[in-house]
Structures are given as structure tokens and as C-alpha cells.
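# Secondary and tertiary structure notes
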Amino acid sequence: MEHQQHRNKPREELELELGIQINALISSAHALNVRAANLFDSSIQPAAFHIIRWLYSYGATSAAGLAESTAMDRSSVSRLIKQLESLGYIRREPSPNDGRAILLSLTEYGYQQTTHALKEKETAFYERISKWNDVQIQDFIQMLKEFNAK
């Protein structure tokens, strides 16, 4: 019956409802990220954890590459890198392709801490879909892929 009610709503109203749900998803994801950052190290800002997560997901890169990939300004990235380096989470290494270039990567300690923090985040995420069957998950994945396509 609820499905039929949605079919009778005007397109504008459906788009508004969709926007509300997307905003709820973004807010929820942000809250989970903040909690994961706090689990990782409560003394750092969530923006620093964003850098950590990027390095965890994609591997070594330059400071300029980090700034561009995370949509953060270079001075903020530089400051956060110094903090994360002093805490032992990231290291600087010469690039194997260009000895003059410096690459940033996670230390073993940084990798372990990130894994721990993200497992807690995953637990919260998986609890939300625990009652969904495989078809519902596959449908949701497909819809998200279509939605996120550029």
C-alpha cells in the first residue's frame, strides 16, 4: 500500500522526499566518520582522519595529491600532515620514480589504528542492513551506482 501511495505523489514531492533521505544519509555518514575519527585518536580533527582514510584506501601520494584528492587547501593538509607525522601515523619517503619527490604513506601503527577505527564504523553500517535480504542489498547497490554515476 505504501508503494502505491508513492506512485500517486507528484514528482516534485517525491524529489523533495528523496532530497531529505539523501541529506539524512550524508548526515549519518558524517556522524559515523566523526565517531571513527574519535576512535582513531581523539586528539586529532576529523579532517586529519580524512587524510588517514584516504591514504589507507589509495596508498602513498604527495602532499599536493592529498590536497587535491581530499578537496582541502594545501596549507591545511601541510599542517595536518605534520601533526599526523609527529604522532607516528604517517611517514615521508622519497618517491621510487623521482628521488626529489616525497610520498606520504601510513606507518604500520597508522594502518593498525585505521583498521581498528574502521571496523567499528563498519559494525554500525552493517547493523543497519542486517535485516535486508541479498536482493535488497543488490538493488540498493545498483541504485547507488546509478545515482553516483556522473
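Residues numbered from 1 in each chain as written. Predicted model: local features only at pLDDT ≥ 70, side-chain atom pairs only at ≥ 80, totals over all residues. Heavy atoms only, no water.

## Here's the deal with the nonpolar core
Grouped together as the largest cluster of nonpolar side chains are 23 residues, with contacts concentrated most on Phe49, Ile51, Ile52, Leu66 and Leu84. For this core, the secondary structure elements donating two or more residues are α2 (11-40), α3 (46-58), α4 (63-70), α5 (74-86), β2 (102-106) and α6 (108-129). No other element matches the six residues that α3 contributes to this core. Setting aside residues up to four positions removed in sequence, Leu84 forms contacts with Ile44, Ala48, Ile51, Ile52, Tyr89 and Ile90. (Core = buried A, V, L, I, M, F, W, Y, C linked by side-chain atoms within 4.5 Å. Buried < 20%, exposed > 50% of the residue type's maximum accessible area, 1.4 Å probe, protein only. Helix = DSSP H or I, 4+ residues; strand = E, 2+ residues; numbered from the N terminus. Contact = heavy atoms within 4.5 Å.)

## So, α2
Residues that lie three or four places apart on an α-helix share one face, since the helix turns once every 3.6 residues. The end-to-end C-alpha distance of α2 is 43 Å, a good match for the 44 Å that 30 residues give at a rise of 1.5 Å each. Within α2, the full set of buried residues consists of Ser28, Leu32, Asn33, Ala36, Ala37 and Phe40. (Expected span 1.5 Å × (residues − 1).)

## So, the packing of α3 against α6
Packing of α3 against α6 leaves a shortest axis separation of 10 Å and a crossing angle of 100°. Taken together, the axes of α3 and α6 lie roughly perpendicular to each other. The residues of α6 that touch α3, namely those facing Phe49, Ile52, Arg53 and Tyr56, are Tyr111, Thr114, Thr115, Ala117 and Leu118. Residue composition of the contact of α3 with α6, grouped by class: six nonpolar, two polar and one charged. (Axes fitted to C-alpha atoms, helices over the stretch in contact; angles between N-to-C directions. Parallel < 35°, antiparallel > 145°, perpendicular 65-115°, else oblique. Nonpolar A, V, L, I, M, F, W, Y, C, P; charged D, E, K, R; others polar.)

## So, the environment of Gly19
Relative to the elements of secondary structure, Gly19 occurs in helix α2. Overall, the relative accessible area of 26% leaves Gly19 in the partly exposed class. In this structure the C-alpha to C-alpha distance between Gly19 and Lys145, which are 126 residues apart in sequence, comes to 17 Å.

## Things to note about the pattern of salt bridges
Here the structure, examined in full by the defined rule, presents six salt bridges. With its nearest N and O atoms 4.0 Å apart, the salt bridge here joins Lys9 to Glu13. A relative accessible area of 37% places Glu13 in the partly exposed class. Here Glu85 and Arg92 are joined by a salt bridge, their closest N and O atoms 2.8 Å apart. (Salt bridge = Lys/Arg side-chain N within 4 Å of Asp/Glu carboxyl O.)

## Things to note about the side chain of Asp41
Residue position: Asp41 is located in the loop between α2 and α3. Leaving out residues up to four positions away in the same chain, Asp41 has contacts with Leu87 and Tyr89.

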